[in-house]
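Next come the chains, spelled out residue by residue.
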There are 2 protein chains.
Amino acid sequence: MFSRENSPPQKPLVANWDTLFKVFLQPEDVESKKTLIKYMEQILFGLHDFLKKNVGITEEISLKEIAKEYTNTHIHKTPQKKLTEVITDLIQNIAPHGVNIASPYFIGHMTSALPFFMVHLKTIAAALNQNVVKIETSKVFSILEKQVLAKIHRLIFNFDEIFYQTHVQHADTTLGCFTENGTIANLTAFWAARNRLFPPRTGFNGIGAEGIHAAYRAYDVDRCVILVSRRGHYSIKKAAGVLGIGNDNVLDLDVDSNQRIDLKKLENTLEAIKLLEPRTRILAVVGIAGATETGTVDPLARLAEICARHQIYFHVDAAWGGPTLMSEKYSHLLDGIQHADSVTIDGHKQFYMPMSCGMVYFKDPRALESIAYHANYIVRRGSVDLGIRTLSGSREANSMILSSALDIMGTEGYALLIDHGIETAKWFAEEIKRRKNFELVSRPELNILLYRLFPEHLKEAFDRGDSEEKKQIHHQLNRINQRLQRLQREAGNSFVSRTTLRKGPTQKDETDEMVVLRAVIMNPMTSPAILSKILDEQEFIYHEKIAGQKQ
Amino acid sequence: MFSRENSPPQKPLVANWDTLFKVFLQPEDVESKKTLIKYMEQILFGLHDFLKKNVGITEEISLKEIAKEYTNTHIHKTPQKKLTEVITDLIQNIAPHGVNIASPYFIGHMTSALPFFMVHLKTIAAALNQNVVKIETSKVFSILEKQVLAKIHRLIFNFDEIFYQTHVQHADTTLGCFTENGTIANLTAFWAARNRLFPPRTGFNGIGAEGIHAAYRAYDVDRCVILVSRRGHYSIKKAAGVLGIGNDNVLDLDVDSNQRIDLKKLENTLEAIKLLEPRTRILAVVGIAGATETGTVDPLARLAEICARHQIYFHVDAAWGGPTLMSEKYSHLLDGIQHADSVTIDGHKQFYMPMSCGMVYFKDPRALESIAYHANYIVRRGSVDLGIRTLSGSREANSMILSSALDIMGTEGYALLIDHGIETAKWFAEEIKRRKNFELVSRPELNILLYRLFPEHLKEAFDRGDSEEKKQIHHQLNRINQRLQRLQREAGNSFVSRTTLRKGPTQKDETDEMVVLRAVIMNPMTSPAILSKILDEQEFIYHEKIAGQKQ
C-alpha cells in the first residue's frame, strides 16, 4: 500500500527479505495463487472493458496535459505500490490515455487487434524467460527457432525437401534470423550484403575487420549505393547511415502512376553508374512488397531479372506484405520474391504477433557467415548459439510465439485475414470513388490506400482553373486534409493517419507535395459499415468545422 | 483439435470466419472467460510445477536427439492445434527441454529468476500492444517512457531538478533510449559518437549522409579507434564492424591483476596515437562497469579524468553493473560513471526484467540529434515520436515494465538483490579458497567470479615443476575444467558456465589461455548451502569421472 494525499494513512511499504522472497518465489498457498490469477483476470478483462468503452483512440485529454503528470524524476527509496495497485493504476488511469489500437475504427497504422491467444503466448515467453542468444539459456527454444525460420524460408523460397532437411537444424548455416523489428531486419540484410561485397583479399582483412574506408581503398571504390523507389521505408536510409554507407547514397527512384518503382528509370540509373561512375558499387536493389504509405508491391519478378542480369544483390522489404504468401488468392502479387537474396518480414504486422518481432531471411544459408561474431563465454565457434549470426545479443524467444500461431491458425487462418484486408480495402476504394467529396489517391493493391477529402465545389473550381488557381486549390486541399486528420483524431471516434506524398515522377514545382489520408485495413472487425461511418465523420467534420473557415 | 497418430480420430480443425471472430474478439460469455483464465493458470502454475520438479537445468535428452524432432518445415494449411493443446504441449513437452534459468542452481549466466510480477507486467504490455515508435500508437506510454528514462538518467548523472524539469518531457531532447539489448545500446552510443566526431562542414554533408569514406576524406583521417580493455563485451567489436569502423580498430588493452583496464597502458596508447598516427581519431574510450566474464569494474573516475584531459568521448558499458547504483552500500564502486558521455544498462539483467530490454543514456540531452531520422508518415519533425532518435523502428512499451518495477521495488528492494549478489559472491570466493582442490581466478568485485578446479596433487606438482611441466599441467587443467563443466551441465543438477581467459598483460606463450569456471550470483535463492553443493558436485564429478582417466 502506498499513501496518496487525501487517502487515509496506511502502513508504509518496506523492502525486506520476506517480501523479496514472496516476490521471487512463486506462491505456494492456495490464497496467493488465487490472487495472482485474479490479477491476470483484471489484465485480460479489465483492459477488455476499457477497450469496449473507448471505441475511439484515446480520451480527449491532450498530450501536454498528460505530460504534466509525468515529470517526477526521482526513484523512490521505498516501494510505492503493491502489484495490485500497479495493475489497477495501469488499467484505470494509464491505459485510458494509451491508444486503442485494437479498435476496428483505428485504421491509421500497421498495428491492430491481436488474436487473444497471442497474449497467452507472450506470457509463456515471459514466464520461461529464455534467452535465445545461446543454447545454454534456451536449448529447445533455439532449436524451435531454427525450425520456424525454415518454415518461413520455405514459404518464401520454396526450395526442395533435401535443402530444408540439410539446413533446418544445421549448426553452421542460418536461413534467417529474428530481429527486434523490420528496421533491424533491413539493416541486417544490408550489413550482410556490404560485408560480402568487400571480402578479405590479399593485403585486406575484410570490411568487418578493417572498416569501410580501408575496404573502399582496397577495392578502388568511392561509394556504394542502394537503389529503391521513393516509397522505400525510412529504415533503409537509416540503415545506410548506420552502416557507414551514407544515407545520401540511398538513391530514391521515381515511381510510376501505380506507385511502383519505375523500371526504366532503374535500368537507366544502373547503366549510367556503369558508364560514368566506375568507382561506384551497387550494394543492393530493394524491391518493396507492401509500401508503408501505399501498400503497393514493386514488380518483383522483373526486378529479380534485372538484378540477375547485372549481378546485383536483390533485397525485398516485405515487412508488411510478406504474409500475403499464405493467401492462395493473392500470393501471386509477390511473385518474384523467391529470387531475392534476402527478405524482411515483420511478425508484429501481418503475422499479428505482439510487439516487437521482425525477421530477415536469406536465400543462401551461408550469407550470414560474413557477419558472424564469437566470444569465449558464449556464441562459441561450432555451437548452435543463435547469437553468432545476429546483430542482437540477448533476445527473447519470439519464435515460439510464431511457431505456435502457425499451428493454431494454419495458412488458411492467416489467409482469411489477408484476403479480408485486401478485399475490404478494394470496397473502401470504390466507396471513396462513389462519394463526391473524396478523391482516391492510390489504388489499394494490398490493404493500404491513400485518399483525400476533395470537396465537390473545389473539384469543379480545379477543373476550370488556370495553373495559378490550381496551385492555390492544391495548397488549400493540403491544409484541409491536415486539419481534418487532426480533428478526427482528437474527436477520438476513429483514427486515419496522414502522410505527405510526393506524387509520381519527380516534379520540381511546389504542388508536388500532397497531403493525403492513409488507411490500413488489417483488423478483421473493420467492416464496410465502419469504413462508411469513418467517411461520414470526415464529411461531417469538414462541413461543421472546416468549410467556411479561412484555410 | 488435431489428430495425432494413434489417437482417436477427431473432427479436423478448420479456419473459418466464425473461429476467427472468436479468436480476435475477447470472449463475452462467462464460460469462455473461465477457459481463458484457466489457460493463464496453467501458464503461471503449470510452468511453476515444472520448475519445481526440474531443479536442474534440463532433462538429459541431448541436443541432437531433440533437434531430430524439429525438422518438419511445412506450414500446415489447416489449423493443427487449439490454444489449449498448444499451451499443454509447451508446458509438458517443450518447456522441459528448455533451460530452467530460474533455478538457484543455475549460476552460469546473466539470466535468472524473475520476480513473478514481471510476468504480469509483460502480459499487460502484450495486451495493450502499444508501439512506442510514435505517439499515435502509444500516447501516454511514450510520455511514461520519457519519465522513466529521466529517472534512470538521474540515477546515473544526478543533475539538478531544473535540468530534469527541462528535459523530462521535452519534445526535442532525449536523455536516452530503450533498445532491444546491451548490444544495440552500445551500438547506439558509438553511432552517436561517430556522427558527432564527423559533423557537417563546408563541402561535407556529415557522416550520416555521406558515409565514412567521405567523412574520413573530409577530415583527413585514415581510421577511428575505440579503446577498451580485453574484458570488453564482444558487442563492442560487433558495433565497430556494423558501423563501418572495423572491428580490428577496437583496441583491446591489457588488464591489471584485478582484471581492470591498465591505465598506464591506456595513457601510453593515447600518447602513441597522438605522436605517431596523426590520421587516427579516437572515437571513444570504454569503461566497463561489470565485465561479462569477471564482473570487474574499471576505474571509472580515473578513466573520466583521462578522457576529459584528452577530450575523448567516454562510454561506460554498465549493462551488467549499472543497477549497483541503487545500493547505498556499493554504489561507490561505480564512482565516475556520472562523467560518462553515454552509459549502457540492461533491463533484463540486474533490473530483473523479462527479455529483452537494453537502455542507453546520454549526458548531453542533444547527443542523439546526430542520429535523428524522420519520415512523412511517422516520426515527424517536432513531434514527441520516440522513434526519431532510436535505431529501432517498432518497439514494445518495455519502459512501462521498468517504471512499474521501480514503484514496486523501490531502490531499497533492488539494493537487497544487489547486496545479496555481491556478498554471496564474496562468501563463495572464500569457500573456493578454503577448498584444497580449487583455485580462485578472479576476485569478485560485483557478483561474478572465476575459478577452476585445481586438484591438490597437481598444485604440488605445479609448484615444484619446471617450465615444461608447468605448461603440461596448465593444459591438463584446461582439459579437466572443460570436461568438468560439460559433465556437470549434462548431469542437470546445476549449471556453471565456462570461459577461456587470457590472463593479465599480454603473454605470447601458449599458457596464456586459461579455461575457467564462471559463476554469476544474481538469484536471491542462491545461498551458501547451494553453492557448497555445487562445489561438492564438481569435486565428485572430478573424482568419479575425470581423475585417473587420460586427459
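Here the structure is a predicted model, which is why all the values come from computation and not from measurement.

Cut-offs applied
- Residues numbered from 1 in each chain as written.
- Chains lettered and ligands numbered in written order.
- Predicted model: local features only at pLDDT ≥ 70, side-chain atom pairs only at ≥ 80, totals over all residues.
- Helix = DSSP H or I, 4+ residues; strand = E, 2+ residues; numbered from the N terminus.
- Rg over C-alpha atoms; globule rule 2.2 N^0.38 Å.
- Buried ≥ 20, exposed ≤ 12 C-beta atoms within 10 Å, placed from the backbone.
- Pairing = 2+ DSSP bridges.
- Core = buried A, V, L, I, M, F, W, Y, C linked by C-beta atoms within 7 Å.
- Contact = placed C-beta atoms within 7 Å.
- Right-handed = clockwise from strand over helix to strand, strands pointing away.
- Axes fitted to C-alpha atoms, helices over the stretch in contact; angles between N-to-C directions.
- Least-squares fit on C-alpha atoms with pLDDT ≥ 70 in both.
- Domains from an automatic or database assignment.
- Nonpolar A, V, L, I, M, F, W, Y, C, P; charged D, E, K, R; others polar.
- pLDDT = per-residue confidence, 0-100.
- Expected span 1.5 Å × (residues − 1).
- Parallel < 35°, antiparallel > 145°, perpendicular 65-115°, else oblique.
- Left-handed = near helix turned anticlockwise from the far one by under 90°.

### Re the overall build of chain A
Here is step 1: Across its full length, chain A holds 17 helices and 11 strands.
Here is step 2: For 551 residues, the compact-globule estimate of 2.2 N^0.38 gives 24 Å, and chain A sits close to it at 26 Å.
Here is step 3: Seen along its three principal axes, the alpha-carbon backbone of chain A occupies a region of about 80 × 70 × 45 Å.
Here is step 4: Within chain A, the fraction of its 551 residues that count as buried is 57%.

### Some remarks on the pairing of strand S5 (residues 314-317) of chain A
Residue and element names in this part refer to chain A.
Here is step 1: Of the two faces of S5, the one carrying Phe314 and Val316 and the one carrying His315 and Asp317 are both buried.
Here is step 2: Taken together, the four bridges between strand S4 (residues 280-288) and S5 define a ladder with parallel strand orientation. Among the inter-strand pairings, glycine 287 is bridged to a residue of S5, identified as valine 316.
Here is step 3: Two elements, S5 and strand S6 (residues 342-346), share three bridges in a ladder whose sense is parallel.

### Brief notes about the nonpolar core
Here is step 1: Judged by nonpolar contacts, the single largest core of 324 residues is most densely connected at A:Met118, A:Phe190, A:Ile226, B:Phe190 and B:Ile226.
Here is step 2: If sequence neighbours within four positions are ignored, A:Phe190 has contacts with A:Ile226, A:Ala239, A:Ala240, A:Leu243, A:Leu283 and A:Ala284.
Here is step 3: If you look at the next biggest cluster of nonpolar residues, it comprises 12 residues, including A:Phe198, A:Ile212, B:Ile212 and B:Tyr216.

### A closer look at the pairing of strand S4 (residues 280-288) of chain B
When a strand is regular, its side chains alternate between the sheet's two faces.
All names here are of chain B.
Here is step 1: With seven of nine residues buried, S4 lies mostly within the body of the structure.
Here is step 2: Pairing analysis gives five bridges linking strand S2 (residues 223-229) to S4, with the strands arranged parallel. Note on S4: the bridge partner recorded for arginine 223 is threonine 280.
Here is step 3: Each parallel crossover has a hand, and for S4 linked through helix H13 (residues 300-310) to strand S5 (residues 314-317) it is right-handed.

### Considering the sheet that holds strand S10 (residues 497-502) of chain B
Residue and element names in this part refer to chain B.
Here is step 1: Overall, antiparallel pairing links the four strands, which are arranged S8-S9-S11-S10 in an open sheet. Edge positions in the open sheet fall to strand S8 (438-442) and S10, since each of these has one partner strand only. Between one strand axis and the next, the sheet turns by 45° as a mean value, whatever way the strands run.
Here is step 2: Where S8 meets strand S9 (residues 448-453), four bridges bridge the pair, whose relative direction is antiparallel. Following the sheet pairing, phenylalanine 438 is matched in S9 by leucine 453.
Here is step 3: Against the sheet, helix H14 (residues 398-434) contacts S8, S9 and strand S11 (513-520), and its axis sits at roughly 15° relative to S9.

### Concerning the relation of the copies chain B and chain A
Here is step 1: Turning chain B through 180° and shifting it by 0.0 Å along the axis lays it on chain A, with an RMSD of 0.0 Å. Both copies of the chain, as the preceding transformation shows, are related through a two-fold rotation axis.

### Regarding the domain arrangement of chain A
Residues and elements named next belong to chain A.
Here is step 1: We note that the domain assignment places domain 1 (17-100), domain 2 (179-380) and domain 3 (414-546) within chain A.
Here is step 2: In this structure, domain 2 and domain 3 have C-alpha centres spaced 31 Å apart.
Here is step 3: Listed per partner, the contact involves 22 residues of domain 2 and 21 residues of domain 3.
Here is step 4: Of the residues in the side of domain 2 that touches domain 3, the class split is six nonpolar, 10 polar and six charged.

### Overview of the interface of chain B and chain A
Here is step 1: Facing 142 residues of chain B, the contacting portion of chain A comprises 142 residues.
Here is step 2: Tallying contributions element by element places helix H2 (residues 30-53) of chain B first for the side of chain B that touches chain A, with 11 residues.
Here is step 3: Residues of the side of chain B that touches chain A, tallied by class, amount to 69 nonpolar, 51 polar and 22 charged.

### Observations concerning the environment of A:Lys11
Here is step 1: By the element assignment, A:Lys11 lies in the segment before helix H1 (17-24).
Here is step 2: The spacing of A:Lys11 and A:His97 is 86 residues in sequence and 30 Å in space, taken between C-alpha atoms.

### Here's the deal with unusual backbone geometry
Backbone geometry follows two general trends: most residues other than glycine have a negative phi, and most peptide bonds adopt the trans configuration.
Residue and element names in this part refer to chain A.
Here is step 1: Residues methionine 355 and serine 356 are joined by a peptide bond in cis, for which omega reads -10°.
Here is step 2: Structurally, serine 356 can be placed in the loop between S6 and strand S7 (358-362).
Here is step 3: Even without glycine at this site, asparagine 129 takes up a positive phi of about 50°.
Here is step 4: Counting through the fold element by element, asparagine 129 comes out in the loop between helix H5 (117-128) and helix H6 (140-157).

### Focus: the sheet that holds S7(A)
The strands making up a sheet associate through hydrogen bonds between their backbones, and the pairing can be parallel or antiparallel.
Residues and elements named next belong to chain A.
Here is step 1: Spatially, the seven strands line up as an open sheet ordered S1-S7-S6-S5-S4-S2-S3, and their pairing is mixed. What marks the edges here is a single partner per strand, and that holds for strand S1 (176-179) and strand S3 (250-253). For this sheet, the mean inter-axis angle between neighbouring strands, taken without regard to orientation, is 20°.
Here is step 2: Sheet contacts for helix H8 (residues 182-197): S1, strand S2 (223-229), S4, S5, S6 and S7; angle to S7, the most-contacted strand, approximately 30°.

### A word on helix H11 (residues 234-242) of chain B
Here is step 1: Burial runs high along H11(B): nine of the nine residues are buried.
Here is step 2: Once H11(B) ends, the next one or two residues include B:Gly244, with phi positive near 85°.

### With respect to the confidence of the model for chain A
Residues and elements named next belong to chain A.
Here is step 1: Mean pLDDT over chain A stands at 91; residues scoring 70 or higher make up 93%.
Here is step 2: Every residue in residues 1-9 is under pLDDT 50, and counting partners more than four places away or in other chains gives 10 contacts.
Here is step 3: Overall fold confidence for the complex sits at a pTM of 0.95, while the interface term, ipTM, reaches 0.95.

### Observations concerning helix H8 (residues 182-197) of chain B
Here is step 1: Taking 1.5 Å per residue, 16 residues should reach 22 Å; H8(B) reaches 22 Å between its end C-alpha atoms and fits that length.
Here is step 2: Here H8(B) lies mainly inside the structure; 15 of its 16 residues are buried.

### Observations regarding the packing of helix H16 (residues 467-491) of chain B against helix H17 (residues 528-546) of chain B
Each pair of packed helices can be summarised by the angle the axes make with each other and by the distance between the axes.
Residue and element names in this part refer to chain B.
Here is step 1: One way to put it is that H16 packs onto H17 with a least axis distance of 10 Å and a crossing angle of 110°. By the criterion of interaxial angle, the relationship of H16 to H17 is roughly perpendicular. Along its contact with H16, which presents Ile480, Arg483, Leu484, Leu487 and Gln488, the element H17 presents Glu537, Gln538, Ile541, Tyr542, Lys545 and Ile546.
Here is step 2: Looking at the contact of H16 with H17 residue by residue, the class counts come to six nonpolar, two polar and three charged.

### With respect to the environment of B:Tyr377
Here is step 1: Mapped onto the fold, B:Tyr377 is located in the loop between strand S7 (358-362) and H14.
Here is step 2: For B:Tyr377, a count of 21 C-beta atoms within 10 Å corresponds to the buried category.
Here is step 3: Separated by 93 residues in the primary sequence, B:Tyr377 and B:Lys470 place their C-alpha atoms 67 Å from one another.
Here is step 4: The residues touching B:Tyr377, leaving out its near neighbours within four places in the chain, are A:Thr292, A:Glu293, A:Ser497, A:Thr499 and A:Arg518.

### Details of the packing of H14(B) against H17(B)
Residues and elements named next belong to chain B.
Here is step 1: At a closest axis distance of 10 Å, the pairing of H14 and H17 adopts a crossing angle of 35°. Along this stretch, H14 crosses H17, giving a crossing that reads as right-handed. Packed against H14, whose contacting residues are Thr424, Trp427, Phe428 and Glu431, the element H17 presents Pro528, Leu531, Ser532 and Leu535 at the interface.
Here is step 2: Tallied by class, residues from the contact of H14 with H17 come to five nonpolar, two polar and one charged.

### Focus on the environment of B:Arg260
All names here are of chain B.
Here is step 1: Tracing the backbone through its elements, the reader meets arginine 260 in the loop between strand S3 (250-253) and helix H12 (263-276).
Here is step 2: By the C-beta count within 10 Å, which is 22 here, arginine 260 ends up buried.
Here is step 3: For the pair arginine 260 and methionine 525, spaced 265 residues apart in the sequence, the C-alpha separation amounts to 29 Å.
Here is step 4: Setting aside residues up to four positions removed in sequence, arginine 260 forms contacts with Val255, Thr296, Asp298 and Pro299.

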